[in-house]
Amino acid sequence: MKFGIVFFPTVGPADKPAPQYFDEALRLVDLAEELGFDHVKMVEHYFFAYGGYSPDPVTFLAAAAGRTRRVRLGTSATIPAFQHPVKLAGKLAMLDALSGGRVDAAFGRAFLPDEFKAFGIPIDESKDRFTEGVEAVKRLWAEEDVVVEGRFHRFGPVTLLPRPVQDPHPPVFVTTARSAESCAEAGRAGHHLQTVPNVMSTEELQSRLAVYRAEWAASGRTPGTEQIHFSYPCVVSEDGDSARTKGRLDDDRNTAAIRAAVASWETTRSSAYPGYEKLVEATRTSHFEGKLAQNKLLIGAPDQVRAQLEQIAEWFGDDITISLGVHSGHLSFEDAATTMRLMAEQVIPKLSAAR
């Protein structure tokens, strides 16, 4: 297993001012570099406490690039539907140049009706916009005199500057939350995979990974070269009871933030998002103890979290990469730093030694 950290703020001005959150997050980036974590990531969302402090992950990652030399920098994920592909490709290529070729570019469809409404984009177009946008970005990175004649964008011939450092382009990930077909399409296209185990059962996720890995291999790619990233909220303390108390608070606040963000699904229906009208009810029936028991949260003393990770490796394979959500903004900087240090010093080395 590899381990990194992912930032998914779920705070607003009444909870923590944005400058304070970003200062704390960048100090944790420094710590990730120091402790040998594989990557840092930042999400893209708008308007709500649910991710709204990060409308542009590339801006945050550029700041992270300037204070690190080793750790990889990942979007988690950026949304092609909300940006022109020339703009998106250029921003990510510039970040790759600034960081010396350390970008992992993850793309997502988005799923909040209010975000689509604000951008004036029909939510039913999200899948087609995603597919067209990702393909255009990849071509702009790898080709010259690019001409795009798509449904949503028509331009060219253009040659993007700057060129990405990584050849032919940064690793491309797609983020999927619920769809088995999205996993299959990612495998066929040769895209790496990001997902959140919290949104489906263990059996559903195992099935989706089997489909993804099979399609990756069937497309002629070497099995085992695919990258699979999982994101888990994580609170670790020397005292397990203290970790659970803090983890419960963080999870309750995170759940409240997503409940507010998905509220419009009560009155929205889209063939592109079957079943999403059930999201509001799912947030009402989501409980900390149940998620912890199912290893959907990594919370406890070091030995307890190590046991969770050993079970996760048994379920999904020990070749996966784990992104640790250590700082949504509700707990202190010191709590997040403690989690990272205990993971790096007491959890990960023992996990590696045991396998």
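Up top you'll find the structure we're talking about.
Nothing here was measured: the structure is a model prediction, and the numbers come from that model.

Trainee: Is there a simple way to think about the pairing of strand S7 (residues 172–175) in this case?
Mentor: Each regular strand shows side chains that alternate between the opposite faces of the sheet. Across three bridges, the pairing between strand S4 (residues 103–107) and S7 is parallel. Bridge assignment links Phe107 to a residue of S7, and that residue is Val174. Taken together, the three bridges between S7 and strand S8 (residues 192–195) define a ladder with parallel strand orientation. Looking at the pairing, Phe173 lines up with His192 of S8.

Trainee: Explanation requested: the pattern of salt bridges in the structure shown.
Mentor: When the charged atoms of two side chains with opposite charge come close together, those side chains can pair. Within this structure, the stated rule accounts for 23 salt bridges. Ionic pairing is found between Glu181 and Arg188, a salt bridge with its closest N-O pair at 2.8 Å. According to the relative accessible area criterion, Glu181 is partly exposed, its value standing at 38%. Here the salt bridges share partners, and the residues they tie into one network are Glu181, Arg188 and Glu215.

Trainee: I'm lost on the packing of aromatic side chains in this one. Help?
Mentor: Two aromatic rings are characterised by how far apart their centres lie and by the angle between their planes. Under the criterion given, the structure shown has 20 aromatic pairs. Ring centres of Tyr50 and Phe111 lie 6.4 Å apart, and the angle between their planes is 85°; this geometry places the pair in the edge-to-face category. Taken together, the positions of Tyr50 in the loop between strand S2 (39–42) and helix H2 (57–65) and Phe111 in the loop between S4 and helix H4 (113–119) put the pair 61 residues apart, joining distant regions of the chain. Under the relative-accessibility criterion, Phe111 is labelled buried at 16%. Three or more aromatic residues joined by ring pairs form one cluster here, namely Phe8, Tyr50, Phe111, Trp265, Tyr273 and Tyr276. One cation-aromatic arrangement involves Arg109 over Tyr273; the distance from NZ or CZ to the ring centre is 4.6 Å. The ring of Trp216 is capped by Arg221, whose NZ or CZ atom sits 5.8 Å from the centre of that ring.

Trainee: I keep staring at unusual backbone geometry and nothing clicks. Help me out?
Mentor: What is expected of a backbone is that most residues other than glycine have negative phi and most peptide bonds are trans. Residue Ala77 is reached from Ser76 by a cis peptide bond, and omega for that bond is 0°. Examined against the element boundaries, Ala77 turns out to sit in the loop between strand S3 (72–75) and helix H3 (85–98). For the peptide bond that leads from Asp167 to Pro168, omega is 5°, which places it in the cis range. A positive phi is found at Phe47, a non-glycine position, where the angle reads about 75°. Along the chain, Phe47 turns up in the loop between S2 and H2. With phi around 60°, Asn295 is a residue other than glycine that occupies positive phi space. Following the sequence through the fold, Asn295 ends up in the loop between helix H10 (288–293) and strand S10 (298–300).

So, how was this worked out
- Residues numbered from 1 in each chain as written.
- Predicted model: local features only at pLDDT ≥ 70, side-chain atom pairs only at ≥ 80, totals over all residues.
- Heavy atoms only, no water.
- Pairing = 2+ DSSP bridges.
- Helix = DSSP H or I, 4+ residues; strand = E, 2+ residues; numbered from the N terminus.
- Salt bridge = Lys/Arg side-chain N within 4 Å of Asp/Glu carboxyl O.
- Buried < 20%, exposed > 50% of the residue type's maximum accessible area, 1.4 Å probe, protein only.
- Phe/Tyr/Trp six-rings, centres within 6.5 Å; stacked < 30°, edge-to-face > 60°.
- Lys NZ or Arg CZ within 6 Å of the ring centre and 35° of its normal.

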